[in-house]
Each structure stands twice: as structure tokens, then as C-alpha cells.
Amino acid sequence: MPYALQSPYSYPYNNPACMRLAVKVVPKSSRNCVAGWMGDALKICVNAPPERGKANAAVEHMLATALGIAKERVRLVAGTASPRKLVEIDGLDETEVRSRLSAYLHSRSAR
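All of the points below concern the structure found in this document. Remember, it's a predicted structure, so these values are computed and weren't measured experimentally.

Description of the layout of surface pockets
Empty space within the second largest pocket amounts to approximately 150 Å³. Forming the walls of the second largest pocket are 15 residues, and the residues nearest its centre are P50, A55, N56, T80 and K85. Per-element accounting of the lining of the second largest pocket gives the leading share, three residues, to helix α1 (residues 54–67).

Some thoughts on the packing of α1 against helix α2 (residues 94–109)
Relative orientation of the contacting elements α1 and α2 amounts to 90 degrees, with a least axis distance of 8 Å. Here α1 lies roughly perpendicular to α2, going by the angle between them. Two secondary-structure elements touch here, α1 through M62, L63, A66 and L67 and α2 through V97, R100, L101 and Y104. The class makeup of the residues in the contact of α1 with α2 is seven nonpolar, no polar and one charged.

Section: the pairing of strand β4 (residues 74–78)
Taken together, the four bridges between β4 and strand β5 (residues 84–90) define a ladder with antiparallel strand orientation. Looking at β5, one finds that A78 is bridged to L86. Taking the residues that link successive antiparallel strands as the turn, the β4-β5 hairpin has five residues, and the phi of G79 there is positive, at about 90 degrees.

Quick notes on the rules
Residues numbered from 1 in each chain as written. Predicted model: local features only at pLDDT ≥ 70, side-chain atom pairs only at ≥ 80, totals over all residues. Heavy atoms only, no water. 1 Å grid on protein atoms, 1.4 Å probe; cavity = no way out; pocket = protein on both sides within 12 Å on 5 of 7 lines; lining within 4 Å. Points joined across faces, edges and corners; volume = space filled by probe spheres on them. Helix = DSSP H or I, 4+ residues; strand = E, 2+ residues; numbered from the N terminus. Axes fitted to C-alpha atoms, helices over the stretch in contact; angles between N-to-C directions. Parallel < 35°, antiparallel > 145°, perpendicular 65-115°, else oblique. Contact = heavy atoms within 4.5 Å. Nonpolar A, V, L, I, M, F, W, Y, C, P; charged D, E, K, R; others polar. Pairing = 2+ DSSP bridges.

Spelled out as C-alpha cells, the structure:
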């Protein structure tokens, strides 16, 4: 059964217990942060340089922190050498991911 793309932020596929999220990464940034939505992708800035997977690991860690889940539940599945990446999140659907990200971004902007 084919899936219809419900949102530009998620990429449904055969595993309903996971969600895929488009991410735009800015490596070697002055600080680690989830900057917000940039078109169809979530923009994440990390201090780590884009070498030997350091920035990719930092992205997984930042996203797990923002969602309040274990970092093992966040995996980079495409774009390892590109600033545009596809991240898989286990155990959360699109609605829950967007809700948690909105709450995280709101709490960061209130500081």
C-alpha cells in the first residue's frame, strides 16, 4: 500500500513506529542549537566540524535532547556528507515530534 506524503517534514515508509525528518545542518557553528524550521527542514547548528562523523553525531545528540529521548532512538539514515540530512526517529509519530520540537523551540526563545 503506497503512502501519501502528509507533510513536508516527514517521510513515511514501511515502519509506522518510526518517523523520518529532513534536517539542514550548520557545522562549526558558534553554539549547538536547534534553530527552527527552514522551509521543509529543521535547521540544527553544531559546534563540531564536518569531519569523521563528528557533526553527524552532534546532530543526533542535539535532536535527541530537543525531543527528550535517548540518543539511540535517533539515527542518521541519509546525507552523511551533505548539509541536508534525513534522520530517523524511533517510537514517535509526526504529531508528537512536531509537538515536542515546538515546545523545545518555545522554551529556548523564552530565555
